[in-house]
Amino acid sequence: MAFFLAICSTKVGILAKQYMQQGLLVPDHVITRLMIMELESRRVQPWLLDGFPRTLTQAEALDQICQPDLVISLNIPFETLKDRLSRRWIHPSSGRVYNQEFNPPQVQGVDDVTGEPLIQQEDDKPEAVAAKLRQYKEVAKPVIELYKTRGILHSFSGTETNKIWPYVYSLFSNKMASVGVKTA
């Protein structure tokens, strides 16, 4: 959450937030600028990126500052993703996130801490989620092919986190150990 709050205070971060609040994918030029600025400030550390790069333009920009050595692709059925993502509700003033399926509030529609109402952001509504997933599939396919041809793509398929995660964790732990980073 600290990273998100820090980037939202920059001009480009504010612009990105406006797109997200409208239920839109953040355009390449905005998200790329945002991510590259942050990654350049962390060059000396290993990092884990989630959801970036999503397009070839983003992948090319990332190549300018580093060469990824491990890419994980989770192949989850469209309906499963749509259902999970459209069950997300937030408490606006704190940023607390709830999910009706696996992290529900104690009282539906109400924040556990303050008792204030929860909202569903526009980009979490089923129609917006479905549109974003279709768009994502289109633009991500070339990126997945790029990393596949480089030999760094590892794909996992399934619908249940507890069944996929042990394989992802094992791969990730082995990779981190090979570059000398201790894992928990």
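Residues numbered from 1 in each chain as written. Predicted model: local features only at pLDDT ≥ 70, side-chain atom pairs only at ≥ 80, totals over all residues. Heavy atoms only, no water.

- Per an unreviewed UniProt entry, the protein chain carries the name Adenylate kinase 4, mitochondrial isoform X3 and comes from Phascolarctos cinereus.
- UniProt, in the comment section headed Sequence similarities (unreviewed entry), describes the protein chain in these words: "Belongs to the adenylate kinase family." (UniProt positions renumbered as here; feature names shortened; annotations may be inferred.)

Quick word on helix α2 (residues 11–21)
- Within α2, the full set of buried residues consists of Val12, Gly13 and Ala16. For α2, the buried positions fall inside an angular range of 100 degrees around the axis, keeping them on one side. (Buried < 20%, exposed > 50% of the residue type's maximum accessible area, 1.4 Å probe, protein only. Helix = DSSP H or I, 4+ residues; strand = E, 2+ residues; numbered from the N terminus. Arc of directions from axis to C-beta.)

Here's the deal with the UniProt feature "domain: Adenylate kinase active site lid" (unreviewed entry) in the protein chain
- In this structure's numbering, the residues bearing the UniProt feature "domain: Adenylate kinase active site lid" (unreviewed entry) are residues 88–123.
- Secondary structure content for residues 88–123 is 0% helix and 17% strand, while the C-alpha to C-alpha distance between its ends is 10 Å.

Some thoughts on the packing of aromatic side chains
- Per the counting criterion, the structure on display carries one aromatic pair.
- Their ring planes at 50 degrees and their centres at 5.6 Å tell us that tryptophan 165 and tyrosine 169 sit as a pair that is tilted. Taken together, the residues tryptophan 165 and tyrosine 169, both in helix α7 (residues 161–178) and four residues apart, mark about one turn of the helix.
- When its relative accessible area of 34% is taken as the criterion, tyrosine 169 is described as partly exposed. (Phe/Tyr/Trp six-rings, centres within 6.5 Å; stacked < 30°, edge-to-face > 60°.)

Regarding unusual backbone geometry
- In this chain, phenylalanine 52 is followed by proline 53 through a cis amide linkage whose omega measures 0 degrees.
- Mapped onto the fold, proline 53 is located in the loop between α3 (28–40) and α4 (56–63).

Points about the environment of threonine 32
- Inspection of the secondary structure puts threonine 32 in helix α3.
- Expressed as a C-alpha distance, the spacing of threonine 32 and threonine 55, which sit 23 residues apart in the sequence, is 9.7 Å.
- When near neighbours in sequence (up to four residues on either side) are disregarded, threonine 32 contacts Phe52, Gln58 and Ala61. (Contact = heavy atoms within 4.5 Å.)

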